[in-house]
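# Examining the three-dimensional arrangement
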Amino acid sequence: MNLIVQDGLIHIGKSVDCVRAAMKYIRHSPQRLVKFKEYAEIEKCPSIKNLILDVPTRWNSTYLMLDAAQKYERAFARYDSEDHHYRDDLEKTGVLISSDWANVRRLTKFLEHFYELTLKVSGTVYVTSNSFLDDITSIDAALNNCINGVPDTNLAAMAKMMKCKFHKYYGSLGKCNMATVVASVLDPRNKFEYVEVLLGDVFRKIEGKAMCAMIKASLVELYEDYVRINASPETHTMFESVDASSSMNKHSSTTTPVIELSAILKQKVRMEMKRRKSENGLQDSKSELDRYLNEDVEDETNKFDILNWWKVNNPSTGGRVLEAFRSSLTPPVVESLIRTQDWFRENSMLLDGAENWDEIQKIEEGN
């Protein structure tokens, strides 16, 4: 995204250069800064932000510079009328005029989408991978709106340059990291139908359909790899245990009941079937992946926690909480059961002491 925006800023024209030159002049000395603040108060500029000088190689700093500058338009005009050296010093770039400020406001509004998106995907205290596909398509929508709906020809030209760079990285699914799409499918609010509609809208129906077929194949292949990796060791271990138990009873087979021998043999055969199926990458007619994709999507809410959802629906935990007699439990109830399990694990030492049962009762009554 940094390269996309940088490529566009090169073609924006002189307005950004004018703002940068004005910022350098004002920030050149403390006396000029004091005078500028006085003019800002006189003109009642609606901002208390400090003037920021950007680093040209970092587009987000350019956005912050423009965002701060546009709120002081009247202060800059007042400084121009009061300080004759200001205009002389900016002779090469020219002083900011009304058309420049109009360009700056449009550019700032446009770059705001990318700045907020950068902050979002750079977050470290929440999950971001499941939103990458939405973010990529929102960039495409913002570029299209700028190209088709902005009267500023310079800004439209900038968006076109950015669009070319965008297509270099995201123009087709073959250029994208497939993990970004898979992560979106694994968001229970989206699943596969959401991705189908989204790609069909962005890349047109025929191309979007081909992309969805590629995604489905990659998703199944990824799932089968996980089944093979995670199931094989367990299957072999179980199979070896059956062999061991069988060998232990080899010498006493004459005294072992026929029913027990039959059960051991049947278990051995079933383990062998599972092992072969796992090695060949085969799966049941309705795999865990199929069941996930066929279930209804979760409602979109601001408080939705995708990590907690997967924790509650994790097969290793869910198998103990969700069973035939608990299949209608609501997500909040399941979450409460999970949290209760976690609490008992964390407080196992407390539960060992009989003298602490009064304390436990007080805790339960308080909750």
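Residues numbered from 1 in each chain as written. Predicted model: local features only at pLDDT ≥ 70, side-chain atom pairs only at ≥ 80, totals over all residues. Heavy atoms only, no water.

## Details of the packing of helix H10 (residues 178–185) against helix H11 (residues 191–203)
The cut-off we apply is this: Helix axes are fitted to C-alpha atoms over the stretch in contact, other axes to C-alpha atoms as well, and angles between N-to-C directions run from 0 to 180 degrees. Secondary structure follows DSSP: runs of H or I at least 4 residues long count as helices, runs of E at least 2 residues long count as strands, and numbering of each begins at the N terminus. Roughly parallel means an angle under 35 degrees; roughly antiparallel means over 145; roughly perpendicular covers 65 to 115; every other angle is labelled oblique. Whether two residues touch is decided by their heavy atoms; if any such pair falls within 4.5 Å, the residues are in contact. The residue classification treats Ala, Val, Leu, Ile, Met, Phe, Trp, Tyr, Cys and Pro as nonpolar and Asp, Glu, Lys and Arg as charged. All others, Gly included, are polar.
At their nearest, the axes of H10 and H11 sit 7 Å apart, and the two run at 125° to each other. By the angle between their directions, the pair H10 and H11 is classed as oblique. Where H10 abuts H11, its residues Val181, Ser184 and Val185 lie against Lys191, Phe192, Tyr194 and Val195. Of the residues assigned to the contact of H10 with H11, the class counts are 5 nonpolar, 1 polar and 1 charged.

## Considering the pattern of salt bridges
As a reminder, the rule being used: Salt bridges are defined by distance alone: a side-chain nitrogen of Lys or Arg within 4 Å of a carboxyl oxygen of Asp or Glu. Relative accessible area decides the class of each residue, using a 1.4 Å probe on protein chains only: under 20% of the type maximum gives buried, over 50% gives exposed, and in between gives partly exposed.
A full pass over the atoms with the stated rule returns 16 salt bridges. Arg78 is the salt-bridge partner of Glu43, the closest N and O atoms lying 2.9 Å from each other. You can see Glu43 sitting in the loop between helix H3 (30–42) and helix H4 (59–70) and its partner Arg78 sitting in helix H5 (residues 73–82), a full 35 residues away along the chain. Look at Glu43 and you get partly exposed, because its relative accessible area is 22%. In this structure Arg78 comes out as partly exposed when scored by relative accessible area, which is 24%. Between Lys163 and Asp140 there is a salt bridge, with the nearest N and O atoms lying 2.4 Å from each other. Residue Lys163 is found in helix H9 (residues 153–170), and its partner Asp140 is found in helix H8 (residues 132–149); the two are separated by 23 residues along the sequence. Shared partners join several salt bridges into a network, and the residues in it are Asp17, Arg20 and Asp54.

## Describing the environment of Glu112
Tracing the chain through its elements places Glu112 in helix H7 (residues 98–121). Spatially, the C-alpha atom of Glu112 lies 9.2 Å from that of Leu64, the residues being 48 residues apart in sequence.

## Some points on unusual backbone geometry
One non-glycine residue, Lys44, adopts positive backbone phi at about 55°. Relative to the helices and strands, Lys44 resides in the loop between H3 and H4. In this structure, Lys191 is a non-glycine residue whose phi angle is positive, near 60°. Summarising the element assignment, Lys191 is placed in helix H11.

## Looking at the nonpolar core
Heads up, the condition is: Remark: nonpolar core denotes a set of buried residues (Ala, Val, Leu, Ile, Met, Phe, Trp, Tyr, Cys) joined through side-chain atoms within 4.5 Å.
One finds Phe76, Tyr86, Phe110 and Leu111 to be the most contacted residues of the largest nonpolar core, which totals 46 residues. Discounting chain neighbours no more than four positions away, the residues touching Tyr86 are Ala22, Tyr25, Ile26, Phe76, Tyr79, Asp80 and Val95. Within the second largest apolar cluster, 20 residues are counted, among which are Leu133, Leu219, Leu293 and Ile306.

## Some details on the packing of aromatic side chains
Short version of the rule: Pairing of aromatic side chains requires ring centres within 6.5 Å, counting the rings of Phe and Tyr and the six-membered ring of Trp. Pairs whose planes differ by under 30 degrees are stacked, by over 60 edge-to-face, and all others tilted. Each ring is checked for a lysine NZ or an arginine CZ that lies within 6 Å of its centre and within 35 degrees of its normal; such an atom marks a charge sitting over the ring.
One pass over the structure, following the stated rule, counts 13 aromatic pairs. Arranged with centres 5.4 Å apart and planes meeting at 75°, the rings of Tyr25 and Tyr86 form a pair that is edge-to-face. Separated by 61 residues along the polypeptide, Tyr25 in helix H2 (residues 15–26) and Tyr86 in helix H6 (residues 84–89) bring together distant segments of the chain. Accessibility expressed as a relative area gives 4% for Tyr25, which makes it buried. Given a relative accessible area of 1%, Tyr86 falls into the buried group. Three or more aromatic residues link up through ring pairs in this structure, and these residues are Tyr25, Phe36, Tyr39, Tyr72, Phe76, Tyr79, Tyr86 and Trp101. Directly above the aromatic system of Tyr25 lies the positively charged group of Arg32, at a separation of 3.8 Å from the ring centroid. Over the ring of Phe192 we find Lys216; its NZ or CZ atom is 5.2 Å from the centre of that ring.

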